[in-house]
Each structure stands twice: as C-alpha cells, then as structure tokens.
Amino acid sequence: MKPRLPRSGGLLFNPPSTLSKRVASRRYTAPSSPTPSAPSPPKKRLWLRLTIVTATAAGIGAYVRSQQGSESTTLNPVTFTKYRLVARDPVSSNGSIFTLKPPKPDDNREAYEDAWKTGVWSVMFKQPQLQIGRDYTPLPPITSKAQDEQEEGCLRFFIRKDPFGEVSRYLHSLDVGSPIEVRGPRIECEIPSDTRQILFIAGGTGIAPALQAGHTLLRRTDADHKPRLHILWANRRRDDCLGGYNDSSAIDEAQQRSWFSGLFGSSKPSSPPLAGPTQDPAVTSLMVRELETLKARYPGQVTVDYFVDEESSFIEKKSITRFTDSASSHGSPGGKMILVSGPEGFISYMAGPKLWAQGMELQGPLNGVIKELDLKDWAVWKL
C-alpha cells in the first residue's frame, strides 16, 4: 500500500536535495622557492565567496524557472494541477457540491476512465497557505448535467465545512472562478471484476465513495451479470438527506438507537426511519437526487436506507444482515464486499480503526459491529 497523508492534512513538500552548483576550488601549488608562501590576499577570498554566491543563486533561479515552465495541465499523481472552481451548489446547511474544471479538459478523459474502471478513487486538494493537503472523492457522472461536465473534464465533490478542518474551511472560503490545485488519482479500493454484491455503510460525506462504488460496479451490468448495491447512509441531521426514503421495511427498525447513543449507552427511544417517497420533491437534497437517479438507471439493483442521528435512528446489526442474508439466499456466484466510509469514529465503531505504521495507512484488524456478525464470506474494506 502506498504511503498516504492523514486525512486531517499533512505537509506536502520537502525541499530539493540540492539547488546549487558546487564550485570546485582551485589547487594551490607552492612555488619552487623555499620562501614560505604568503596568505591569500583579502581580495582573492572575497572574489571566491562572490563566485560561490553567484553560482548558488543561478542554480536556484534555474530550478524555479524549470518548475514554473513545467506546470501540469493534466491530472496526475506526481504534481499538482490547477483546476478552476466553476460551481458550488449547496447540499445542506454546511455542505456543498464543488465542480472543478481543468485547464485542458480533453486531456483528462483517459485518467478518469482508468480510475472509474478500477474502483473507489480520490484526489488531493492543496491548501497553499499552510502547504497541507486532504483527499476528496469525486462524484460519478450519474445525471445528465454531470455527464456534460464529465465530457468537459470536470470533477464534482461533496464537501462538508468542518470547523476544525483547515482544507475544507479554505475551500468553502473560495469564490467561484478561484484556482484549486489538485493531485491524483489515488486508488482507495479496487473492486474485483467478479464482484456481484456490495453493501456500503456510509457516514456523512462517505456517501460520495458509495456513489463511486455503485458507478464502478453497476456499469458492468449486462444480460448475464446484474450486480446489486445496498447503501446504508447515516447522517447527523435530516437536512443532509432531505427527501430520502427507505427501500427496506421500517417496522423492525423502529427501536434503533443512534450510533452515538450506542457508544455512550443512552436508552432514548427512537423514531422509525422514513418509509415511502417524499411528498415534496422540490426540497429533496441534491445527494438524495443523485441516489434516486442511480436507482432509476439500474432498476432493481440499487437500494438505500437512511438513518438520522437527531431522530435517534442508527445502523444496527439487523440493518446489515437483512441484506447479507438476502444475498446469501439468492446464491449469486461471485465476490461479496462490505465497504465502510465516513468519519474515523464511525469507521471504528462499524469495523474497527485503521492503523498507521511506517508512514503507511493500513486496514488494521476487523472489529466492531461487523466482526460481531461473523460474515465469513464477505470481504470488508475500510475507506
């Protein structure tokens, strides 16, 4: 696994190993006369120092000019490319969809397509003042508007403003038209070609990689291969998923508790999740519209259940086993995956924390709710 920066941000750059040309000193040859040599006059020493300073300055200037002249116009994992913020559409009170356009849109189609075929991927955004970066997951082109943008090389991101997040606060402070430096793609999780079932457990903005996984999996649909995706999406507030309704029965979910309540032992009674379509599509969240479009595009292959913390509803074991038991009873051949994405506490509660070792982010042992279910035939991956 490749080294990776922490999601909370990390230093981006190290200075070059050398920027200056080394000046070879001249060898001093003693005269044949036995008379002792006199020390170098002050003017010669001054000249030597000026030569070294001049050569060093020339080396630094050449390096800076080379970096300025090689500014990338195509998304790549080595250097940062300056995209431009062309739209910012509010999703909720503290989250928006950012649309970024590269300097040369046609140059990025191959890089995007390779990443979409592989699985879940991300790019790094740079906060230039602090020289730190954070990974964000592009949304797939599942609507007609997004398809037009994708043809132009645009990328869309669901980003929530975190009061403690330097990069997210910086991004939300930008005006439309501002440059944003981006590097990638970075593959977060490969989805094998034989995968037939994915259960995606998402917390908050973790819905973006869920949509990505769905796009990668479902585009492999043909007459003999109809993979299934079930999403369990947990949010803190209803306005994050306004208009969303559950595809599963709400009867046995009526006594769910929030995952915060589960952590701290609260016994506050819960209210059942929404069941049935909303009566006011005009106020439906943009992310819910994305999910509904995906369901309409692949009828019968996508199901979604919503859970809201302020309503004391939470993803419990029965929420998970309803889908896994159904997948097992169908006896569909091929791989089965459970993907978990969201805040660190959410991932830890569901599947155990990820680990850092020798500068690398590792999956760590499986723990939490999923381990307790002992789902031996399901591969689990933490995003």
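Residues numbered from 1 in each chain as written. Predicted model: local features only at pLDDT ≥ 70, side-chain atom pairs only at ≥ 80, totals over all residues. Heavy atoms only, no water.

- You'll find the chain entered in an unreviewed UniProt entry as FAD-binding FR-type domain-containing protein, with Aspergillus lentulus given as the organism.
- Heading Sequence similarities (unreviewed entry) of the UniProt record for the chain holds this comment: "Belongs to the flavoprotein pyridine nucleotide cytochrome reductase family."
- Listed under Cofactor (unreviewed entry) in UniProt, the entry text for the chain is "FAD". (UniProt positions renumbered as here; feature names shortened; annotations may be inferred.)

## What to know about the overall build of the chain
Item 1. In terms of regular secondary structure, the chain is built from ten helices and 14 strands.
Item 2. Taken across its 383 residues, the chain has 45% of its residues classed as buried.
Item 3. Pairs at least 24 apart in sequence give 75% of the contacts found in the chain among residues at least 6 apart. (Helix = DSSP H or I, 4+ residues; strand = E, 2+ residues; numbered from the N terminus. Buried < 20%, exposed > 50% of the residue type's maximum accessible area, 1.4 Å probe, protein only. Contact = heavy atoms within 4.5 Å.)

## Quick word on helix α7 (residues 286–297)
Item 1. For α7, built from twelve residues, the straight-helix expectation of 16 Å at 1.5 Å per residue is met to within 8% by its first-to-last C-alpha distance of 17 Å.
Item 2. Structurally, α7 contributes buried residues whose contacts are with β2 (95–101), β5 (138–139), β6 (155–160), α5 (207–218), β9 (228–235) and β10 (302–308).
Item 3. Capping of α7 at its N-terminal end is provided by serine 285; its side-chain oxygen lies 3.2 Å from the backbone amide nitrogen of methionine 287. (Expected span 1.5 Å × (residues − 1). Polar contact = N/O pair within 3.5 Å; in protein donor to acceptor, adjacent residues only side chain to side chain.)

## Digging into the sheet that holds β9
Hydrogen bonds along the backbone pair up the strands of a sheet, which may run parallel or antiparallel.
Item 1. Pairing within the open sheet is parallel, and its five strands lie in the order β10-β9-β8-β11-β14. Of all the strands in the sheet, just β10 and β14 (379–382) have a single pairing partner and so form its edges. Strand-to-strand twist across the sheet, computed as the mean angle between neighbouring axes with direction ignored, equals 15°.
Item 2. Summarising the sheet, strand β8 (residues 195–203) and β9 pair through seven bridges and their orientation is parallel. Residue alanine 202 lies in a different strand from β9, and its bridge partner there is tryptophan 233.
Item 3. With respect to the sheet, α7 is in contact with β9 and β10, its orientation differing from that of β10 by roughly 155°.
Item 4. Sheet contacts for helix α9 (residues 344–351): β8, β9, β11 (335–341) and β14; angle to β11, the most-contacted strand, approximately 140°. (Pairing = 2+ DSSP bridges. Axes fitted to C-alpha atoms, helices over the stretch in contact; angles between N-to-C directions.)

## Focus on the packing of aromatic side chains
Item 1. In the structure shown here, the tally under the stated rule is seven aromatic pairs.
Item 2. An aromatic cluster is present here, built from Tyr112, Trp116 and Trp121 joined pairwise through their rings.
Item 3. Taking the ring centre of phenylalanine 80 as reference, the NZ or CZ of lysine 126 above it sits at 4.9 Å.
Item 4. Taking NZ or CZ as reference, arginine 134 lies 4.8 Å from the ring centre of tyrosine 136, over its face. (Phe/Tyr/Trp six-rings, centres within 6.5 Å; stacked < 30°, edge-to-face > 60°. Lys NZ or Arg CZ within 6 Å of the ring centre and 35° of its normal.)

## Thoughts on the sheet that holds β5
Item 1. An order of β4-β3-β7-β1-β2-β6-β5 is seen for the seven strands of this open sheet, with the pairing classed as antiparallel. Of all the strands in the sheet, the pair left with one neighbour each is β4 (132–136) and β5.
Item 2. Across six bridges, the pairing between β2 and β6 is antiparallel. Counterpart to leucine 100 in the pairing with β6 is leucine 155.
Item 3. Seen against the sheet, α5 touches β3 (119–127), β5 and β6 and runs at an angle of roughly 140° to β3.
Item 4. Sitting on the sheet, α7 touches β1 (81–90), β2, β5 and β6, and the angle it makes with β2 is about 70°.

## A short note on the pairing of β4
Item 1. Most of β4 is tucked away: four of the five residues are buried.
Item 2. The pairing of β3 with β4 spans five bridges and is classified as antiparallel. By the bridge assignment for β4, methionine 124 is matched with aspartate 135.

## Focus: the pairing of β1
Item 1. The pairing of β1 with strand β7 (residues 179–190) spans four bridges and is antiparallel. Across the sheet, threonine 81 pairs through a bridge with valine 182, a residue of β7.
Item 2. With antiparallel pairing between neighbouring strands as the criterion, β1 and β2 make up a hairpin whose turn holds four residues.

## Things to note about the nonpolar core
Item 1. By size, the foremost hydrophobic cluster in this structure holds 33 residues, and its most contacted members are Phe200, Ile231, Trp233 and Met287.
Item 2. Every element with two or more residues in this core is listed here: β8, α5, β9, α7, β10 and β11.
Item 3. The leading source of residues in this core is α5, at seven residues.
Item 4. Ranked by size, the runner-up nonpolar core spans 22 residues in total, among them Leu100, Ala115, Val123 and Ile132. (Core = buried A, V, L, I, M, F, W, Y, C linked by side-chain atoms within 4.5 Å.)

## Focus on the pattern of salt bridges
Item 1. Per the stated rule, a full pass over the model turns up 16 salt bridges.
Item 2. Note that aspartate 240 is salt-bridged to arginine 160, the shortest N-O span being 3.2 Å. Pair noted here: aspartate 240 is in the loop between β9 and α6 (259–264) and arginine 160 is in strand β6, with a separation of 80 residues, a long-range link. With respect to burial, aspartate 240 and arginine 160 carry one shared label: buried.
Item 3. A salt bridge links arginine 322 to aspartate 305, with the nearest nitrogen and oxygen atoms 4.0 Å apart. Here arginine 322, found in helix α8 (residues 317–330), pairs with aspartate 305, found in strand β10; they are 17 residues apart in sequence, far enough to count as distant.
Item 4. Within the structure, one salt-bridge network assembled from shared partners comprises Asp247, Glu292 and Lys295. (Salt bridge = Lys/Arg side-chain N within 4 Å of Asp/Glu carboxyl O.)

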